[in-house]
Structures are given as structure tokens and as C-alpha cells.
Amino acid sequence: MQKQLSQNWFISKSWLRFLTIILLVVGVFFRFVNLDKKLYWGDEIFSSLRISGYMQTEMNQQLSDGRLISVEDLHKYQYPNPEKNTIDAIKGIILEDSQILPLYIVMNRFWVQWFGNSIAVTRSFSAFISLLTFPCIYWLCKELFESSLIGCMAIALVAVSPIHVVYAQEVRAYSLWIVTILISSVALLRAMRLKTKLSWCIYTATLSLGFYTHIFFSLVAFSQGIYVVAIERFRLTKTSISYLISSLAGFITFVPWIWIIISNPQSEAVTWANVKQTLFESVTRWAGIFSRAFLDLGVSPSDPGTIKFALTPFILIILALMLYSIYFLWRKTSKKVWLFVLTLIGSVGLPLLIVDFVLQKRYATSRYTLPSVLGIQLAVAYLLTTKITSISPKIWRKKLWSLVVFMVIIGGIISCAVSSQAQMWWNKFPEKYQEFPQIANIVSQGKKPLLISDDSIIVPIQLLSHLVDPKVRFQIVEKKHLPEVTSGFTDIFLFNPSDFLKAGIEKIYNSKLRKINGFLWKI
């Protein structure tokens, strides 16, 4: 009997490791496939401007003078060039985007300088960094659960997790943020176990990396402090003293940037969050955010209610699995384990939950709740591994949980497969940008097209520059200004023009404008 149980354990162990290897390959594929085919949307364009080293004020001044400019002229402000260096890039962040931390921008700038200017290269840095998630989460599971099998399950879940794949293909710091969260978590648990000066110094270094990666890392660091204090039972032990010294040293390295944020506030950066929400809207939003960790078919707020209603049963099942995982973790593990996972889940999730439900704001987004998603995935990995490898006389339970693992993995693979073929996804703000590919296609069909606009260069014009054919020429003017008459163009379009520009163009060219859609007019 004992021999048979040992054999069953070995089969489960071997099967899980084999599954992990297969899903690792699948996950790497989904992170790099069609990198240049997805819409290069607003946040990414801002990141590229920062990578170029130019400031938005410089770009507007140099391009909004009414002269003819090419796609290449616009892309000068999207990629590194000899006129600007890394110091200029940091200066642009300080003066215009102080809430964006510089580590990711600087690293990606060097990456693009080394491998070349293109959307695929710029995005590939995030995809490459996201691969570090696999060894980091495995190492975390080894430190936290003392189990390589749970580490394998965690890798399998993250490899085909739709939310991880989505942000692995975006020119923002989210992949790097995930890695710094995992590294700092490993460093903390390791320092608490080893209790050496070197291990605490390593933890300090990981804090500095995290602080300069994402503004919300400070909430993760604070939750780690709560964990240490609770584990040490609010006593001033050697571990708690070492933690205080390490965290203080890490915080001191971030003080200069705190001063920069205070000196150069960018309050308009979060104006989108001031939208009022009802209680029902907040609940459905949070349900959608967390369900994307395992299932994501690209549903956005602008999609019809019938689609959302059809997905409701699946979302409820996923939420039930998450809640049961947290309950199971709390019941079956020591305080050292479950408290760490709960503090990670609550680090950013709890403050955003309070803001959303108490103040009725809309701060919660999938990208901000990534620490909570990581904590939930750790809980689910523990639950599934425990259930499928447990020694139980009731074989049907093991088969049931094996089916659950299969369904979770298949849900992730299907989600990643669908998103890999889509140009537009929910994270690209389709409510605002879904017409842009069609606009670019219409303009590019002209033999020698010209696009005139007095709209902002960032985001709309730069977004179009990544979609249109290189033969398209642009003529950008400031508000209340008219462009000079140009000849030699077969097709002249106006993009999102003001009433002043429309009236002026009709008078200059002595021709009526024809409206093509909500953004585009043609002479």
C-alpha cells in the first residue's frame, strides 16, 4: 500500500513538472508573438517620448509650426537619438512626468539603443523582463512554502495568465514592477530566515529597485513591514531591528524622488480616476479585474451588456476559486505563510478598495492591482498543488481537482491565444482609440496623402504615425492658426479639426469638407 501511494506521488510530481515545462514554452511564445501588431496606445506613446529624451513642450514647439513633416520626423520623438542623452530622459520625467519612476525608462532606452528603433524592440524589453517572473516566483514559493511543486504550479499559472501576458507586451513598467515585488519578497523572507547582515543589505537593495520602478511599490513595502511586525509579535527583536534599519536605508534612497514628486506635481495624470461609480459598477469592475488573472476574452466597458452577462458564470466560478484558495491557505498553513500572502494581496488592493467603495472613485485598474493578483495566484497555486498531490483514498477528489487545474490552464491558453491575434484589447482604451486603425487605413490608401490637424501631437498624432504608411505627410498647426497652402497632394485629410481650422481650410482650398467619421474629414 505504501509503495502504491509513493508511486502515485511520483506520478503527480513528474506530471506537474512536465506540465510546467510545456506551459513555460507556451507562455514565452505568447509574450513575444505579434509584438508589433497591437495598437501602440497612449500610455506607450508617453513612455516612448520619455525614452527619446525630449520633453513634450519641445516636441510641440518644433512640430506645430505648420511645415510638412514625415512619419520619420514624428518618430524622432519616440526613439533614442544622438541629440538627447539619458540625463535628458530623466530630466523630462522630472519636469513633466514625476509620477513615472525612471528605472524602467532608462533601462528600456539602453535596450532600444542596443537593438534598434521599432515597436517590437521597445515592447520586447517588457517581454524579456517578464521572463524573470518565472524563476522569481519559483524561488518565492521555495522560501514561503518550502515546496518546489508549488513553485512549479505557480510558474504554470503565471506562464499563461492573461494579465501577465497583456502587461508583458506593453511599454510600461508593470513587468519590472512584478519582478521587483517578487525579488523583494524573496529577499525579505530569506533575510528573516538567515538573519545575516548581507541578506538584509540585499533586501535594502531590492527596496531601492522597487521604489524607483513604480510609485505603488511603497504600498508593497509598507505591507512587508506589517508582516514583519506581526510575525515578531510587535516586539523589538533582532529581526525587527534589522528590518527597520534595512527599510529605512531603502526609503532614504527614495527621498530625492519624493522631493521631485512634491516639487513637480502632476495632478492631471490621474484625472481619469475622478469618474464617479455606483456600488454595482464598482463590484463588477473589481470582479472583472481579478478574473483576468485566469480568464480574459478582451471585454471592455464599451462592450454590450450581453457579452458581459454571458461571461458572468465563469467569472463567479473564478472568484469562488480565489476565495476558497485564500480560505484553504489560512486553514492549512502557518501564520508565517498565510499572513505573508494576505499582506501581499491587501498591499495595494485594500487602499484601492477603500477609495473605490467609500469615495466612489475609479482608481482600481488591472495594472495597479498586480500585487494583489500575485498574492491570489500564490494561494491558488498552493490549493491546486495540495489537492492534486494529496494522499487520499477518495480518487474522485483528486480527479476533480485535476480537472480544475486543466480548466484553469485551458482558460488561460484560450485567453492568450485570442489576445495574441487582436490589434485592439481592453488595455488599449478601445472606447477612445478603436477608430484609429480605420482612420490610418483610409489615409494610407491615398496616392500622396496629407493629414492636417490642430489636435495634440501626444497622443493622437503620434498614435497615427505608428499606423499610417510612411508616404503620408503631416501638417500640424497650433489652435487658432491656419496652415500654408500646399500643392502636389492627391488626398488632403483633416484629423479632429477645430471649427476654426475647418472653416479656414474650406476658405483656403475653396472646397467643402466631407465628413468621413467622428475624427476624419476630407477635402
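In this text, all values refer to a predicted model and were calculated from it rather than measured experimentally.

### Brief notes about the overall build of the chain
Here is step 1 of the chain: From N to C terminus, the chain includes 23 helices and 6 strands.
Here is step 2 of the chain: Radius of gyration (C-alpha) of the chain: 26 Å, near the 24 Å computed for a compact globule of 523 residues.
Here is step 3 of the chain: With the principal axes as the frame, the chain shows a C-alpha extent of 90 × 50 × 45 Å.
Here is step 4 of the chain: Evaluated residue by residue, the chain yields a buried proportion of 56% over its 523 residues.
Here is step 5 of the chain: Partitioning the contacts of the chain with sequence separation of at least 6, the portion at a separation of at least 24 is 77%.

### Some remarks on helix α6 (residues 102-115)
Here is step 1 of the chain: With 14 residues, α6 should cover 20 Å at 1.5 Å per step; its first-to-last C-alpha distance of 20 Å lies within 8% of that length.
Here is step 2 of the chain: The set of residues buried in α6 consists of Pro102, Tyr104, Ile105, Val106, Asn108, Arg109, Trp111 and Val112.
Here is step 3 of the chain: In the core, the buried residues of α6 are packed alongside α2 (42-52), α5 (86-96), α7 (119-130), α11 (174-194) and α14 (238-263).

### Side note on the pairing of strand β3 (residues 473-477)
Here is step 1 of the chain: Taking burial as the measure, the 5 residues of β3 include 4 buried ones, the bulk of the element.
Here is step 2 of the chain: Alignment of strand β1 (residues 65-69) against β3, held across 3 bridges, turns out to be antiparallel. If you follow Leu68 over to β3, its bridge partner there is Gln475.
Here is step 3 of the chain: Direction of pairing for strand β2 (residues 449-453) relative to β3: parallel, over a ladder of 4 bridges. From the neighbouring strand, Leu451 faces β3, where its bridge partner is Phe474.
Here is step 4 of the chain: Following the backbone out of β2, through helix α22 (residues 457-465) and into the adjacent parallel β3, one traces a crossover that is right-handed.

### Quick look at the sheet that holds strand β5 (residues 514-515)
Here is step 1 of the chain: In spatial order, the strands read β1-β3-β2-β4-β6-β5; together these 6 strands make up an open sheet with mixed pairing. Strands with a single pairing partner mark the edges of an open sheet, and in this sheet they are β1 and β5.
Here is step 2 of the chain: Taken together, the 3 bridges between strand β4 (residues 491-495) and strand β6 (residues 520-522) define a ladder with antiparallel strand orientation. When the bridges of β6 are listed, Phe493 appears paired with Lys522.
Here is step 3 of the chain: Where helix α21 (residues 436-444) meets the sheet, its contacts fall on β2, β4 and β6, and the angle it forms with β4 comes to roughly 160 degrees.
Here is step 4 of the chain: Each of β2, β3 and β4 touches α22; the most contacted strand, β3, lies at about 170 degrees to it.

### Quick word on the pairing of β2
Here is step 1 of the chain: Judged by how many residues are buried, β2 sits mostly within the fold: 5 of 5 residues are covered.
Here is step 2 of the chain: In β2, alternate side chains face the same way, and those of Pro449, Leu451 and Ser453 on one face and Leu450 and Ile452 on the other are all buried.
Here is step 3 of the chain: Judged from the 4 bridges that link them, β2 and β4 form a sheet pairing that is parallel. Bridge pairing links Leu450 to Ile492 in β4.

### Some words on unusual backbone geometry
Here is step 1 of the chain: Non-glycine residue Asn34 carries a positive phi angle of around 55 degrees.
Here is step 2 of the chain: By the element assignment, Asn34 lies in the loop between α1 (2-32) and α2.
Here is step 3 of the chain: A relative accessible area of 25% means that Asn34 is categorised as partly exposed.
Here is step 4 of the chain: In this model, Lys195 sits at a positive phi of 60 degrees, which is unusual for a non-glycine residue.
Here is step 5 of the chain: Structurally, Lys195 can be placed in the loop between α11 and α12 (197-211).
Here is step 6 of the chain: Taking the relative accessible area as the measure of exposure, Lys195 reaches 44% and is therefore partly exposed.

### Some words on the nonpolar core
Here is step 1 of the chain: Core analysis: the largest hydrophobic core is formed by 146 residues, its most contacted members being Phe145, Leu157 and Phe474.
Here is step 2 of the chain: Ignoring anything within four residues of it in the chain, the contact list for Phe145 reads Leu140, Ile150, Leu329, Val337, Leu378 and Tyr382.
Here is step 3 of the chain: Counting 11 residues, the second largest nonpolar core, distinct from the first, contains Ile492, Leu494, Leu501 and Trp521.

### What to know about the environment of Lys448
Here is step 1 of the chain: Residue position: Lys448 is located in the loop between α21 and β2.
Here is step 2 of the chain: Sequence separation between Lys448 and Ile492 is 44 residues; the distance between their C-alpha atoms is 8.7 Å.
Here is step 3 of the chain: With residues up to four places along the chain from it excluded, the contact list for Lys448 reads Gly488, Phe489, Thr490 and Asp491.

### What about the packing of aromatic side chains?
Here is step 1 of the chain: Tallied over the full model, the rule gives 28 aromatic pairs.
Here is step 2 of the chain: Where Trp111 meets Phe115, the ring centres are 4.7 Å apart and the plane angle is 50 degrees; that geometry is what we call tilted. You can see Trp111 and its partner Phe115 sitting in helix α6, 4 residues apart, about one turn around the helix.
Here is step 3 of the chain: For Trp111, a relative accessible area of 18% gives the class buried.
Here is step 4 of the chain: Ring geometry for Tyr324 versus Trp401: centroids 6.1 Å apart, planes at 15 degrees, classification stacked.

### Remarks on the pattern of salt bridges
Here is step 1 of the chain: For the coordinates displayed, the defined rule picks out 12 salt bridges.
Here is step 2 of the chain: A salt bridge links Glu170 to Lys428; the nearest nitrogen and oxygen atoms lie 4.0 Å apart. Of the two residues, Glu170 is situated in the loop between α10 (162-168) and α11 and Lys428 in the loop between α19 (395-420) and α20 (430-433); the sequence distance between them amounts to 258 residues.
Here is step 3 of the chain: Taken together, the salt bridges that share partners define one network made up of Glu44, Arg123, Glu170 and Lys428.

### Here's the deal with the packing of helix α18 (residues 370-389) against α19
Here is step 1 of the chain: Taken N-terminus to C-terminus, the directions of α18 and α19 make an angle of 145 degrees; their axes are 8 Å apart at the nearest point. For the crossing formed where α18 meets α19, the hand is left-handed. Seen from α18, the contacting residues are Leu383, Leu384, Lys387, Ile388 and Thr389; seen from α19, they are Lys398, Trp401, Ser402, Val404 and Val405.
Here is step 2 of the chain: Of the residues in the contact of α18 with α19, the class split is 6 nonpolar, 2 polar and 2 charged.

### Some remarks on helix α8 (residues 133-145)
Here is step 1 of the chain: Taking 1.5 Å of rise per residue, 13 residues should cover 18 Å, and α8 covers 17 Å from first to last C-alpha, within 8% of that figure.
Here is step 2 of the chain: Within the sequence span of α8, burial applies to Thr133, Phe134, Cys136, Ile137, Leu140, Cys141, Glu143, Leu144 and Phe145.
Here is step 3 of the chain: Backbone geometry just downstream of α8 places Glu146 in the positive-phi region, at approximately 55 degrees.

### A short note on a nonpolar patch on the surface
Here is step 1 of the chain: Nonpolar side chains collect at one region of the surface, where Leu350, Leu353, Ile354, Val358 and Leu359 lie side by side and expose about 460 Å² of accessible area between them.
Here is step 2 of the chain: Mapped onto the fold, Leu350 is located in helix α17 (residues 335-358).
Here is step 3 of the chain: Residue classification places Leu350 among the partly exposed positions, given a relative accessible area of 47%.

Reading the values: rules and limits
- Residues numbered from 1 in each chain as written.
- Predicted model: local features only at pLDDT ≥ 70, side-chain atom pairs only at ≥ 80, totals over all residues.
- Heavy atoms only, no water.
- Helix = DSSP H or I, 4+ residues; strand = E, 2+ residues; numbered from the N terminus.
- Rg over C-alpha atoms; globule rule 2.2 N^0.38 Å.
- Buried < 20%, exposed > 50% of the residue type's maximum accessible area, 1.4 Å probe, protein only.
- Contact = heavy atoms within 4.5 Å.
- Expected span 1.5 Å × (residues − 1).
- Pairing = 2+ DSSP bridges.
- Right-handed = clockwise from strand over helix to strand, strands pointing away.
- Axes fitted to C-alpha atoms, helices over the stretch in contact; angles between N-to-C directions.
- Core = buried A, V, L, I, M, F, W, Y, C linked by side-chain atoms within 4.5 Å.
- Phe/Tyr/Trp six-rings, centres within 6.5 Å; stacked < 30°, edge-to-face > 60°.
- Salt bridge = Lys/Arg side-chain N within 4 Å of Asp/Glu carboxyl O.
- Left-handed = near helix turned anticlockwise from the far one by under 90°.
- Nonpolar A, V, L, I, M, F, W, Y, C, P; charged D, E, K, R; others polar.
- Patch = residues over 30% accessible without salt bridge, like charges linked within 9 Å, V, L, I, M, F, W, Y side chains within 5 Å.
- Areas by Shrake-Rupley, 256 points an atom, 1.4 Å probe, with all protein chains shown as cover.

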